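Next come the chains, spelled out residue by residue.
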Amino acid sequence: RRASALPSKPMALVELRDIRKTYNGTATPVEALHGIDLSIAEREFVALMGPSGSGKSTLLAVLGAMNPPSAGRVVVDDIDVYRLPGERLADFRREYLGFVFQQLYLIPYLTASENVMLPLAASAISNARQRGMAAEALERVGLADKAVRLPRDLSGGEQQRVAIARALVN
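Let me begin by describing the structure that accompanies this report. Residue indices follow the written sequence of each chain, beginning from 1 at its first position. Only residues with pLDDT of at least 70 get local features here, since the model is predicted, and only at 80 or more are side-chain atom pairs given and counted; chain-wide, interface and lining totals rely on the full set of residues. The side-chain values count all of the structure's non-hydrogen atoms but skip hydrogen atoms and water molecules.

## Considering the pattern of salt bridges
Criterion for a salt bridge: a side-chain nitrogen of Lys or Arg within 4 Å of a carboxyl oxygen of Asp or Glu. For the structure shown, the criterion picks out 13 salt bridges. The salt bridge partner of aspartate 80 is arginine 73, with a shortest N-O separation of 3.0 Å. You can call arginine 73 partly exposed: its relative accessible area is 44%. Residue aspartate 91 is joined to arginine 94 by a salt bridge in which the shortest nitrogen-to-oxygen separation is 3.2 Å. With aspartate 91 and arginine 94 both in helix α2 (residues 86-96) and three residues apart, the pair spans about one turn of that helix. Each residue is assigned to one of three classes by its accessible area relative to the maximum for its type, calculated with a 1.4 Å probe on protein chains only: buried under 20%, partly exposed between the two thresholds, exposed over 50%. Secondary structure counts use DSSP, requiring at least four H or I residues in a row for a helix and at least two E residues in a row for a strand, with both numbered from the N terminus.

## As for the packing of aromatic side chains
Ring pairs shown here join Phe, Tyr and Trp side chains whose ring centres sit within 6.5 Å, with only the six-membered ring taken for Trp; geometry is labelled stacked below 30 degrees between planes, edge-to-face above 60, and tilted in between. On inspection of all chains with the given rule, the structure shows one aromatic pair. With centroids separated by 5.0 Å and ring planes inclined at 20°, the aromatic side chains of phenylalanine 92 and tyrosine 96 adopt a geometry described as stacked. One end of the pair is phenylalanine 92 and the other is tyrosine 96, both in helix α2 and four residues apart, which spans about a single turn. Under the relative-accessibility criterion, phenylalanine 92 is labelled buried at 0%. Looking at tyrosine 96, the relative accessible area reads 34%, which means it is partly exposed.

## With respect to the environment of leucine 97
If you trace the backbone, leucine 97 turns up in the loop between α2 and α3 (112-117). Given the relative accessible area of 22%, leucine 97 is considered partly exposed. As for leucine 97 and leucine 168, which are separated by 71 residues in sequence, their C-alpha atoms are 8.4 Å apart. It only takes one pair of heavy atoms within 4.5 Å for two residues to be counted as in contact. Excluding residues that lie within four positions of it along the chain, leucine 97 makes contacts with Leu63, Gly64, Ala65 and Phe92.

## Points about the environment of leucine 13
Following the sequence through the fold, leucine 13 ends up in strand β1 (residues 12-23). Each C-alpha atom of the pair leucine 13 and leucine 33 lies 21 Å from the other, and the pair is 20 residues apart in sequence. Not counting residues within four places of it along the chain, the set of residues in contact with leucine 13 comprises Ile40, Ala41, Glu42, Val75, Val76 and Asp77.

## Observations concerning the sheet that holds strand β3 (residues 71-76)
Paired through their backbone hydrogen bonds, the strands of a sheet run either parallel or antiparallel. Read across the sheet, four strands follow the order β2-β1-β3-β4 without closing on themselves; strand pairing throughout is antiparallel. Among the strands making up the open sheet, the edge pair consists of β2 (30-41) and β4 (79-80). DSSP calls a pair of strands paired once it identifies at least 2 bridges connecting them. Bridging between β3 and β4 involves two bridges; their strand directions are antiparallel. Pairing of valine 75 across the sheet is with aspartate 80, part of β4. Between N-to-C directions, angles span 0 to 180 degrees; the directions come from axes that are lines fitted to C-alpha atoms, helices contributing only their stretch in contact. Docked against the sheet, helix α1 (residues 56-63) engages β1, β2 and β3, running at close to 125° with respect to β1.

This is the structure:
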């Protein structure tokens, strides 16, 4: 018999299963996430939208391995993220994730290139290779010619692109 001609469903790179997050404050507990299920395939683009207070930031913090869920599983590339020990969780963040925060958190006394190199600092990659990777990331965001500029010498949009290059450098 011939195999089915139906295309296979792309394998999920990211899987969230029954994610719940409850914050226990001084008053009534707040359930910020209520049983979230999500699958994201490799190269799939997902936009997260909703009104203020709907749990977007909480979901991103859980997905970004910065805030464990109260219940549920986060699996990325077959890695059960919250089962990793602390030091491996930091390695996971460095190897798999890049963050662009609303506040850009660029170090004011470091050049654009040095800011992009920050996520590489704890790696075993040589300084020369780190500089090359930073140069490639800055090229990708159209800032190759601004590598030696300090954040204060860049426009707001250029600062955002430095932060994006930093998120992509790994």
